Amino acid sequence: MTVDFPPGFLFGAATAAYQVEGAAGEDGRTPSIWDTFSRTPGRVLGGDTGDTATDHYHRRAEDVRLMAELGLGAYRFSVSWPRVQPTGRGPASPRGLDFYRALVDDLLDHGVQPMLTLYHWDLPQELEDAGGWPERDTAHRFADYARLVGEALGDRVELWTTLNEPWCSAFLGYAAGVHAPGRTDDEAALRAAHHLNLAHGLGARALRAVLPSRARLSVALNPAAVRARTPSPADQDAARRVDALATRIFTGPMLRGAYPEDLLADTAAITDWSFVRGDDTDVIRHPLDALGINYYSPTVVSAATDNPPAPGQGEPSPWPGAGGVAFHRPPGKLTAMDWAVDPTGLYDLLTRFAREAPGLPLIVTENGAAYDDKPGADGAVDDPERIAYLHAHLEAVLRALGEGADVRGYFLWSLLDNFEWAYGYSKRFGAVYVDYANQARTPKSSARWYARVARTGRLPID
Ligand code: PNW
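Residues numbered from 1 in each chain as written. Predicted model: local features only at pLDDT ≥ 70, side-chain atom pairs only at ≥ 80, totals over all residues. Heavy atoms only, no water.

Asks: Lay out the sheet that holds strand S5 (residues 216-221) with the relevant residues and their values.
Replies: An order of S1-S2-S3-S4-S5-S7-S10-S11 is seen for the 8 strands of this closed barrel, with the pairing classed as parallel. Averaged over all pairs of adjacent strands, the angle between strand axes in this sheet comes to 25 degrees, irrespective of strand direction. Both strand S2 (residues 74-78) and strand S3 (residues 113-119) contribute to a ladder of 5 bridges, which runs parallel. Each residue of the ladder has a partner; that of Tyr75, found in S3, is Pro114. Across the sheet, helix H7 (residues 137-153) is in contact with S3 and strand S4 (159-164); its angle to S3 comes to roughly 160 degrees. Set on the sheet, helix H8 (residues 166-174) makes contact with S3, S4 and S5; between it and S4 the angle comes to about 15 degrees. (Pairing = 2+ DSSP bridges. Helix = DSSP H or I, 4+ residues; strand = E, 2+ residues; numbered from the N terminus. Axes fitted to C-alpha atoms, helices over the stretch in contact; angles between N-to-C directions. Contact = heavy atoms within 4.5 Å.)

Asks: Before we move on, could you go through the UniProt feature "active site" (unreviewed entry) in the protein chain and cite the residues and values that matter?
Replies: In the numbering used here, UniProt assigns the "active site" (unreviewed entry) feature to Glu366. Those residues in contact with Glu366, other than ones at most four positions away along the chain, are Arg76, His120, Asn164, Glu165, Ile293, Asn294, Tyr295, Tyr296, Phe411 and Trp413. (UniProt positions renumbered as here; feature names shortened; annotations may be inferred.)

Asks: How would you explain the site of the ligand if you had to name every residue and give the values?
Replies: The immediate surroundings of the ligand are formed by 15 residues, with Gln19, His120, Glu366, Glu420 and Trp421 found nearest. Between the ligand and the protein, one listed contact pairs an oxygen atom with a side-chain N or O atom of Glu420 at 2.6 Å. A distance of 2.8 Å separates an oxygen atom of the ligand from a polar side-chain atom of Trp421. Within the complex, the protein chains bury 84% of what would otherwise be the 450 Å² of accessible surface of the ligand. When each cavity is represented as a set of grid points, the ligand is found to reside in the largest pocket. Residue classes in the shell around the ligand are distributed as 9 nonpolar, 3 polar and 3 charged. (Near = heavy atom within 4 Å. Polar contact = N/O pair within 3.5 Å; in protein donor to acceptor, adjacent residues only side chain to side chain. Areas by Shrake-Rupley, 256 points an atom, 1.4 Å probe, with all protein chains shown as cover. 1 Å grid on protein atoms, 1.4 Å probe; cavity = no way out; pocket = protein on both sides within 12 Å on 5 of 7 lines; lining within 4 Å. Sits in = over half its atoms within 2 Å of the grid points. Nonpolar A, V, L, I, M, F, W, Y, C, P; charged D, E, K, R; others polar.)

Okay, structure coming up:
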């Protein structure tokens with residue numbers, strides 16, 4: 001197998017606004033659902049919030065210099081909706097947009113290509129108060145917001161992503177309730193999933209109308225690399241259900257213009273899907289220039305042996321319509337998230353979408369691992385497990401490339417240690433260590449290792 005990536009392959013790192021920016025109340029930014037959620041006692045480990053995060057809002061210039069030092073070709077970041085459109089409606093906030101203009105200018109000055117995500121989970125609280133993603137109007141609000149950002153940054157940003165991981169927004173946010181806004185209502189979660197799909201389609205259309213033709217549009221999904229625990233028909237059926245709820249609920253309408261029949265049947269006890277109207281699925285099937293895939297760990301399932309609870313009766317779960325499915329810890333070493341390390345899942349997803357969506361370029365928009373990193377006596381942070389994780393997953397990308405998958409780039413999650421949602425600051429995903437006492441940045445050994453891969457375009461052979 002070759003260790004060389006194709007010429008032009010993008011090596012980047014990713015972050016998201018709420019996880020790194022801080023400055024939660026500055027320059028006109030209003031609360032998002034994540035401010036409300038994290039300030040509610042008991043929701044986030046340790047009571048952590050994104051009020052300060054890694055203070056990236058004030059350390060932007062230093063952080064961009066760091067990216068350039070690390071030889072990154074690209075930086076994937078998200079725009080905070082309540083920073084640029086504080087009430088979720090109406091005109092843009094010039095001060096909010098100024099931050100992203102300055103960030104993009106800095107990136108371009110340093111030869112780092114910006115990749116902009118419009119929505120990485122920070123819905124303006126005012127829109128949640130009006131019903132949030134279960135309400136159809138939120139999709140239209142998103143399209144207006146997309147247009148505002150497109151008009152402001154379209155001359156400088158070529159790579160655009162509408163949504164990050166709509167599965168998490170819909171099912172962790174509205175069904176399991178472990179992410180903002182913390183609701184536990186299966187029907188609302190399925191409505192949210194549809195309105196996120198619609199937001200993607202309307203947003204893509206709004207962007208196309210204002211962006212120059214060289215702009216490239218994408219969405220970043222977290223498709224599940226699902227495996228049945230055994231080849232038995234019952235376990236295979238469990239895998240099919242989870243695949244429908246995790247992946248095809250988005251790729252069905254986005255890539256094929258229809259919801260999968262089996263998904264509609266599996267969720268029939270929860271909803272009749274009458275919130276899907278008229279030409280919605282045509283709008284959602286907007287032509288894309290790339291598909292972003294976020295991957296961390298596989299999902300292993302089997303048919304549950306006990307009687308599944310009726311819809312709405314069991315513990316809140318992010319899988320409405322998969323009541324009869326049991327989830328298992330996959331084999332393999334675990335990261336600090338207790339997620340199993342298994343690069344085959346990434347290979348499987350890349351080759352699957354290469355097959356199912358021929359001609360659509362793929363980008364690994366997130367991949368990485370949390371470990372219990374600690375500075376040594378000399379202040380250096382040595383993280384050999386992260387290097388091994390990255391190496392193995394980049395090898396999986398090369399293997400998929402070797403079989404013809406059109407993978408254009410790879411973004412490490414994350415540039416910096418940051419606010420890891422419900423886990424607060426307890427989980428460190430960064431290639432760069434952040435000391436939260438003084439916000440000092442220290443590249444870990446994995447950052448040096450990754451910088452060499454990015455500069456040379458090849459994996460080191462050991
Ligand atoms: C993704 N799950 O989140 C996000 O895009 C990042 O913001 C996040 O920091 C990163 O992965 C690491 O967690 C996920 O429970 C959060 O299946 C939870 C899940 C999946 C992805």
